[in-house]
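# Breakdown of the fold
Each chain is listed here by its residues.
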Amino acid sequence: MRNDYKLIKKSSTQNFFLSFYLLIKIFLHKKRYNKKIKNNFLKQKEYNEFANKNLKINNDWFTHNINCLDFFFKKNNIYHNKIEALEIGSYEGNSSVFFLKYFQNIKLTCVDTFEGSNDEKADKDYQNKYDNSIYENFVHNTKKYSDKIRIFKSTSQNFFKNINDKKYDLIYIDGSHSAKDVFDDAINSFNVLNKDGYIIFDDFLWDFYSSINEGPMGGIKLFLKKNFFKVKIVSIDYQIIIKKL
Ligand SMILES: C[S@@+](CC[C@H](N)C(=O)[O-])C[C@H]1O[C@@H](n2cnc3c(N)ncnc32)[C@H](O)[C@@H]1O
């Protein structure tokens, strides 16, 4: 896969057109939905109240996405579906609990080393070191849903190679944030995604590295380049959501 990654990365004309295409998509998405998404804050408020009361969260890397996600889930009538879901990067379980709480018929597979990534540790907003409390918080936060959840303490690379035994309808990618790892997670996820299934990529617009393309954006763009006619972009903002055609 490494060669594949280098090969796709090379073509700069294609990169230019893809970036331009994505920029137009973001613009149109914002123009169409921004007002509706901004006014769609009730779920976020409700979840924040619930989380403040019930969850042990040191770093909230999730709830700012809720307005947009909720808008998408409602628009596509997804909350009520029977969902086999996979989450790469669960951390303390903030995003996991959101899915477990609001999806009425979900089975969720969570994959995380629970050891953190270097970029997170370097983030100025990062509150504490990765230690056992991260996994302990995850277990505490998700214990109410233990019948709906499988937990794998593993890298996503190892999970896809040696552990996974399922296909999924919804995959949330929020593990390692380097372009190469996001590309690998995207390709591996796409292979185990059902037709009409969705991948949600977190941090598409995360501007943390010296070049934005060293982060999730770079990996996601390469994935889109390889699979341009096999996917539909159904939401594009800070997170990007694609559907498998
Ligand atoms: C940003 S956090 C996830 C946040 C979580 N989704 C939430 O809403 O709170 C990223 C997580 O990915 C995990 N991670 C980093 N590299 C990974 C890898 N190669 N495989 C699996 N998990 C990884 C880290 O341990 C960390 O817990």
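Since the structure is predicted, the reported quantities are computational estimates derived from the model, not experimental observations. (Residues numbered from 1 in each chain as written. Predicted model: local features only at pLDDT ≥ 70, side-chain atom pairs only at ≥ 80, totals over all residues. Heavy atoms only, no water.)

## Some thoughts on the nonpolar core
- With 34 residues, the main nonpolar core has Tyr47, Phe73, Phe98, Phe99, Phe103 and Leu170 as its most contacted residues.
- When residues of this core are traced back to their parent elements, those giving at least two are helix H3 (42-54), helix H4 (66-75), strand E1 (82-88), helix H5 (94-102), strand E2 (105-112), helix H7 (132-142), strand E4 (168-173) and strand E5 (193-201).
- Examining the composition of this core, we find that five residues originate from one element, H5, more than from any other.
- Every residue in contact with Phe73, bar those within four places of it in the chain, is listed here: Ile78, Tyr79, Phe98, Phe99, Phe103 and Ile200.
- Counting 31 residues, the second-largest nonpolar core is a separate cluster that includes Leu86, Phe159, Phe183 and Ile236. (Core = buried A, V, L, I, M, F, W, Y, C linked by side-chain atoms within 4.5 Å. Buried < 20%, exposed > 50% of the residue type's maximum accessible area, 1.4 Å probe, protein only. Helix = DSSP H or I, 4+ residues; strand = E, 2+ residues; numbered from the N terminus. Contact = heavy atoms within 4.5 Å.)

## Topic: the pattern of salt bridges
- Enumeration according to the criterion identifies seven salt bridges in this entry.
- Among the salt bridges present, the one from Glu49 reaches Lys45, with a minimum N-O distance of 3.6 Å. With Glu49 and Lys45 both in helix H3 and four residues apart, this pair spans about one turn of that helix.
- Since its relative accessible area comes to 47%, Glu49 is described here as partly exposed.
- Lys74 is the partner of Asp70 in a salt bridge, and the nearest nitrogen-oxygen pair spans 2.7 Å. Here Lys74 and Asp70 lie together in helix H4, a separation of four residues that amounts to about one turn.
- Classification of Asp70 by relative accessible area gives buried; the value is 0%.
- When its relative accessible area of 47% is taken as the criterion, Lys74 is described as partly exposed. (Salt bridge = Lys/Arg side-chain N within 4 Å of Asp/Glu carboxyl O.)

## Here we look at the environment of Leu193
- Mapped onto the elements of the fold, Leu193 is located in strand E5.
- Distance from Leu193 to Glu84, taken between C-alpha atoms, is 9.8 Å for residues 109 residues apart in sequence.
- Setting aside its immediate chain neighbours within four residues, Leu193 contacts Lys167, Tyr168, Asp169, Leu170, Ile171, Tyr198, Ile199 and Lys244.

## Description of the packing of helix H2 (residues 12-38) against H4
- At a minimum axis distance of 9 Å, the contact between H2 and H4 shows a crossing angle of 105 degrees. The angle between the axes of H2 and H4 places the two elements in the roughly perpendicular class. Only Asn67, Cys68, Phe71 and Lys75 of H4 make contact with H2, whose side of the interface consists of Tyr33, Lys36, Ile37 and Lys38.
- Across the contact of H2 with H4, the residue classes tally to four nonpolar, one polar and three charged. (Axes fitted to C-alpha atoms, helices over the stretch in contact; angles between N-to-C directions. Parallel < 35°, antiparallel > 145°, perpendicular 65-115°, else oblique. Nonpolar A, V, L, I, M, F, W, Y, C, P; charged D, E, K, R; others polar.)

## Quick word on the packing of helix H9 (residues 179-191) against helix H10 (residues 216-226)
- The geometry of H9 relative to H10 is characterised by a closest axis approach of 7 Å and an angle of 40 degrees between their N-to-C directions. With respect to each other, H9 and H10 are oriented oblique. For the element pair H9 and H10, the recorded crossing hand is right-handed. Two secondary-structure elements touch here, H9 through Ala179, Val182, Phe183, Ala186, Ile187 and Phe190 and H10 through Pro216, Gly218, Gly219, Ile220, Leu222, Phe223 and Lys226.
- Taken together, the residues of the contact of H9 with H10 break down into ten nonpolar, two polar and one charged. (Left-handed = near helix turned anticlockwise from the far one by under 90°.)

## Quick word on the side chain of His29
- Here His29 shows up in helix H2.
- Residue His29 is classed as buried on the basis of its relative accessible area, which comes to 7%.

## Topic: a nonpolar patch on the surface
- Among the surface-exposed residues, Phe16, Phe17, Phe20, Ile24, Phe27 and Leu28 lie close enough to one another that they form a single nonpolar patch of about 640 Å² accessible area.
- Looking at where Phe27 falls in the secondary structure, it is placed in helix H2. (Patch = residues over 30% accessible without salt bridge, like charges linked within 9 Å, V, L, I, M, F, W, Y side chains within 5 Å. Areas by Shrake-Rupley, 256 points an atom, 1.4 Å probe, with all protein chains shown as cover.)

## Observations regarding the pairing of strand E7 (residues 240-244)
- Of all five residues in E7, four are buried; the element is thus mostly enclosed.
- Where E5 lies against E7, four bridges are found, and the strand directions are antiparallel. Note that in E7 the partner of Ile200 across the bridge is Ile241.
- Strand direction decides the pairing type here: strand E6 (residues 231-236) and E7, joined by five bridges, are antiparallel. Opposite Val231, over in E7, you have Lys244 as the bridge partner.
- Once E6 ends, the chain turns through three residues before running back antiparallel as E7. (Pairing = 2+ DSSP bridges.)

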